[in-house]
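# Coordinates in review
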Amino acid sequence: MSKPTVNPYVILLVAVTSVSSASIFIRLCTSSPLIIAFYRLAFATLILGPITLFGSWRDLKRLSRREFMYMPVIGFCLALHFAFWITSVKLTSIASSTVIVSLHPVFVALGAHMLLKEKINKFMFSGIITALFGCFLIAYGDYELGRENLLGDLYALVGAITVALYFLGGRHIRRKSGLLAYATPVYASCTIFLAITCLASNLKFYPYSIREYVLFLALALIPMIMGHTLLNWALKYLPAAQVSTSVLGEPIGATILAVIILKEIPTLLTILGCIITLSGVYLTLKFGPIIES
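Okay, so let's go over this structure. (Residues numbered from 1 in each chain as written. Predicted model: local features only at pLDDT ≥ 70, side-chain atom pairs only at ≥ 80, totals over all residues. Heavy atoms only, no water.)

Taken N-terminus to C-terminus, the directions of helix H5 (residues 65–91) and helix H6 (residues 94–101) make an angle of 155 degrees; their axes are 8 Å apart at the nearest point. Relative to H6, the element H5 is oriented roughly antiparallel. Listed contacts from H6 to His81, Trp85, Ser88 and Val89 of H5 are Ile94, Ser97, Thr98 and Val101. For the contact of H5 with H6, the per-class residue count stands at 4 nonpolar, 4 polar and no charged. (Axes fitted to C-alpha atoms, helices over the stretch in contact; angles between N-to-C directions. Helix = DSSP H or I, 4+ residues; strand = E, 2+ residues; numbered from the N terminus. Parallel < 35°, antiparallel > 145°, perpendicular 65-115°, else oblique. Contact = heavy atoms within 4.5 Å. Nonpolar A, V, L, I, M, F, W, Y, C, P; charged D, E, K, R; others polar.)

Turning our attention to the environment of Gly170. With respect to the secondary-structure elements, Gly170 resides in helix H9 (residues 147–174). By relative accessible area, Gly170 is classed as buried at 0%. In sequence terms Gly170 and Ala183 are 13 residues apart; their C-alpha atoms lie 9.0 Å from each other. Among residues more than four places away in sequence, those in contact with Gly170 are Ile74, Tyr182 and Leu235. (Buried < 20%, exposed > 50% of the residue type's maximum accessible area, 1.4 Å probe, protein only.)

So, about the nonpolar core. The nonpolar side chains of a soluble globular protein tend to be buried, and buried together. Ranked by internal contacts, the top residues of the largest apolar core, which has 87 residues, are Leu78, Leu103, Tyr166 and Tyr187. Residue contributions to this core peak at 12 residues, all from helix H11 (residues 210–235). If we ignore the near neighbours within four places in the chain, the residues touching Leu103 are Ala131, Cys135, Leu157, Ala160, Thr277 and Val281. (Core = buried A, V, L, I, M, F, W, Y, C linked by side-chain atoms within 4.5 Å.)

It is worth spelling out unusual backbone geometry at this point. Residue Tyr206 is joined to Pro207 through a cis peptide bond whose omega torsion reads 0 degrees. In this structure, Pro207 sits in the loop between helix H10 (179–200) and H11. Positive phi is not limited to glycine here, since Asn202 has a value of about 60 degrees. Mapping Asn202 onto the fold places it in the loop between H10 and H11. Relative accessible area serves as the criterion here: at 70%, Asn202 is assigned to the exposed category.

Here it is as structure tokens:
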């Protein structure tokens, strides 16, 4: 594996900061969650597509037919993640949604244990139990706020499971492929799946206000390209566990932005649940990297 020209941890910092803005942009949008997800991926694909074709076509040629066929599966997992998580942001608090979706390292650990025969030691197991208990506290607090908030928590949980599959699958292919040769086909297939879902749901792709399209573009440029794409870059040089764990900074950043921009202050029970959940996720991965480089 070639040595990176930029420190991967610096890239992680930029990526996590960028990803933290996603829930704010989503909340500012007035469109359907599926439409938001579609345009986020569509704009990202349109931006990266020409760069990939002209700058990374050699990497594309080196990919095997099996790897190309595997990418839509990863794209499908990513489509499910965005569909469920963006809906979650619309239904529950940003703090609850972003913390629950940050459970994905726990599911990465469980998935690696079941699929890759990675062992789960007692510290990881304690972390998993702690994280799930914190998630229960968040859900309990949101249940008292209303059924819609609890449904949003459930959607965030599904989003966490599907993005865990996305990380596990991505680590397998990113070991051998260039960044854009991997990310662009995955984003393109994700866009197609989301478009089909929008059509099946009888959602209109246009017209929307200029403000709405600007927000769609911002979602593509900042949290998508500067966030998720840079996370994919890091997957080539760092274990999936470390990349996945770094995203724990997203709910902290997103919650702070929500307080400042949206005046959305989480309840004390939500704050307690968030602290316990993030502590559990951190403990899970601190004592057991999931996939080695």
